[in-house]
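# Structure assessment
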Amino acid sequence: MSRTFLVSALKQLWLPVLVIVLLWVGTARSTNFYFPPFGDMIGAMWANLAQGGLLEDLWFSLKNILAGLGLAIVVGVLAGLIIGEHRRLRESLGPILDFARATPTVAFVPVIILTLGIGATPKIFLIFLGSLWPILLNTISGVEGINPAVLETARSYRIPWQLRLRRVILPGATPQIVAGVRIALSVAVVLMVVSEIYGSPVGLGNFILQSGSSFAVTDTWAGTILIGLLGYGLSVVLLAVEHVLLGWYFQRPPRVRRNTQGLALLEREVPTR
């Protein structure tokens with residue numbers, strides 16, 4: 001684990017810790033039915049996790065997010081690299097991609113539940129569908145943003161497409177791809193909750209729905225806090241992966257954060273004439 005990641009994590013953690021302390025102290029004597037003490041919320045969350053019911057809901061939701069987001073990353077990156085490399089294909093698909101991006105994924109929830117049922121498959125498909133567009137569009141934008149001189153140099157040396165993709169295009173587009181994955185993660189968490197509220201017998205969304213319907217306010221807050229912790233934990237993991245993949249990007253000065261990494265790697269693999 002690099003020092004840069006540790007410093008970045010500490011910069012992000014100090015404010016949440018301060019907020020938690022303030023909430024704990026400030027709401028300790030709360031008698032409001034809708035806003036119970038923060039300590040009671042944490043206690044209810046821990047009790048439900050210890051009993052196993054909420055833990056099962058958490059595992060169900062986590063599996064759906066990982067499956068849907070993982071599928072979106074694979075499809076979005078592969079399709080984005082292909083579309084970004086071919087200008088005519090990119091121009092032809094532009095209106096379709098803009099239409100699909102403008103259509104809210106939540107609108108498909110009733111149709112997906114009606115056709116696929118209420119199991120894990122429709123949740124995964126909904127998360128995949130909503131997470132796909134940020135990754136796909138950012139990958140296309142990342143490929144477009146590569147310095148044209150770098151691509152022309154690679155083509156002039158007749159470097160095979162597979163090697164050019166692996167050593168030039170993919171490293172050059174990776175910062176944009178990771179940014180798209182970060183956006184897709186937040187979308188995936190929202191769609192996970194929505195899909196489980198409207199059509200699921202299990203999951204964190206269903207737990208919040210059932211707790212709210214029975215006026216168990218403390219349990220409702222506990223489920224909401226757990227969803228926030230889940231999203232935050234996944235974002236921290238993504239931050240660690242980002243620093244591993246883009247260590248060269250963060251360590252370089254802004255002027256050389258181009259595709260010099262890709263050219264340097266190409267020089268090692270392509271024999272000189």
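In this text the structure is predicted, and so the values were computed from the model without any measurement. (Residues numbered from 1 in each chain as written. Predicted model: local features only at pLDDT ≥ 70, side-chain atom pairs only at ≥ 80, totals over all residues. Heavy atoms only, no water.)

## Overview of the overall build of the protein
When its secondary structure is counted, the protein shows twelve helices and zero strands. Taken from N to C terminus, the helices and strands of the protein fall in the order α-α-α-α-α-α-α-α-α-α-α-α. Counting every position in the protein, which comprises 273 residues, the buried fraction comes to 42%. Long-range pairs, those at least 24 residues apart, make up 75% of the contacts in the protein between residues at least 6 apart in sequence. (Helix = DSSP H or I, 4+ residues; strand = E, 2+ residues; numbered from the N terminus. Buried < 20%, exposed > 50% of the residue type's maximum accessible area, 1.4 Å probe, protein only. Contact = heavy atoms within 4.5 Å.)

## Things to note about the layout of surface pockets
One number sums up the size of the second largest pocket: a volume of about 310 Å³. Contributions of two or more residues to the lining of the second largest pocket are made by helix 1 (3–26), helix 2 (38–51) and helix 10 (217–245). When residues of the lining of the second largest pocket are assigned to their parent elements, the largest contribution, six residues, is made by helix 1. Its residues assigned to classes, the lining of the second largest pocket shows eleven nonpolar, one polar and no charged. (1 Å grid on protein atoms, 1.4 Å probe; cavity = no way out; pocket = protein on both sides within 12 Å on 5 of 7 lines; lining within 4 Å. Points joined across faces, edges and corners; volume = space filled by probe spheres on them. Nonpolar A, V, L, I, M, F, W, Y, C, P; charged D, E, K, R; others polar.)

## Side note on the packing of helix 5 (residues 109–116) against helix 6 (residues 120–144)
For the pair helix 5 and helix 6, the least separation of the axes is 9 Å and the interaxial angle reads 145°. Pair helix 5 / helix 6 crosses with right-handed handedness. The segment helix 5 lies against helix 6, with Val109, Ile112 and Leu116 engaging Pro122, Phe125 and Leu126. In terms of residue class, the contact of helix 5 with helix 6 is made up of six nonpolar, no polar and no charged. (Axes fitted to C-alpha atoms, helices over the stretch in contact; angles between N-to-C directions. Left-handed = near helix turned anticlockwise from the far one by under 90°.)

## Observations regarding the environment of aspartate 40
On the secondary structure map, aspartate 40 appears in helix 2. Classification of aspartate 40 by relative accessible area gives partly exposed; the value is 42%. Residues aspartate 40 and aspartate 219 lie 179 residues apart in sequence; the distance between their C-alpha atoms is 9.2 Å.

## Description of the packing of aromatic side chains
For any pair of aromatic rings, the description rests on two quantities: the centre-to-centre distance and the angle between the ring planes. Tallying each qualifying case throughout the model produces four aromatic pairs. Here the aromatic rings of phenylalanine 35 and tryptophan 221 are separated by 5.9 Å at their centres, their planes lie at 45°, and the arrangement is tilted. In this pair, phenylalanine 35 sits in the loop between helix 1 and helix 2 while tryptophan 221 sits in helix 10, placing the two residues 186 residues apart along the sequence. The partly exposed category is assigned to tryptophan 221, whose relative accessible area is 30%. On the basis of an interplanar angle of 40° and a centroid distance of 6.3 Å, the ring pair of phenylalanine 125 and phenylalanine 128 is categorised as tilted. (Phe/Tyr/Trp six-rings, centres within 6.5 Å; stacked < 30°, edge-to-face > 60°.)

## A word on the confidence of the model for the protein
Within the protein, residue pLDDT values average 82, and 88% of them lie at 70 or more. Looking over the protein, one finds the lowest element-wise mean pLDDT in helix 12 (residues 260–269), namely 50, and the highest in helix 3 (residues 53–85), namely 91. (pLDDT = per-residue confidence, 0-100.)

## Notes on helix 8 (residues 161–198)
Relative to the 56 Å expected for 38 residues at 1.5 Å per residue, helix 8 spans just 46 Å between its end C-alpha atoms, considerably shorter than the ideal helical length. At threonine 174, helix 8 is bent by approximately 50°, the largest bend along its length, and proline proline 175 sits one to four residues beyond. (Expected span 1.5 Å × (residues − 1). Bend = angle between axes of the 7 residues up to and from the residue.)

## Some details on empty space enclosed by the protein
Here the structure, examined in full by the defined rule, presents one cavity of 30 Å³ or more. Considered as a void within the structure, the largest cavity measures approximately 40 Å³ in volume. Lining the largest cavity are Val109, Ile112, Ile113, Pro122, Lys123, Leu126 and Ser195. Mapped onto the lining of the largest cavity, the elements with two or more residues apiece are helix 5 and helix 6.

## Thoughts on unusual backbone geometry
One non-glycine residue, phenylalanine 215, lies in positive phi territory at about 60°. The exposure class assigned to phenylalanine 215 is exposed, which follows from its relative accessible area of 62%.

## Some remarks on a nonpolar patch on the surface
A cluster of nonpolar side chains, Leu13, Val17, Ile20, Val21, Trp24 and Val25, forms an exposed patch at the surface whose accessible area comes to about 540 Å². Tracing the sequence through the fold places valine 25 in helix 1. (Patch = residues over 30% accessible without salt bridge, like charges linked within 9 Å, V, L, I, M, F, W, Y side chains within 5 Å. Areas by Shrake-Rupley, 256 points an atom, 1.4 Å probe, with all protein chains shown as cover. Salt bridge = Lys/Arg side-chain N within 4 Å of Asp/Glu carboxyl O.)

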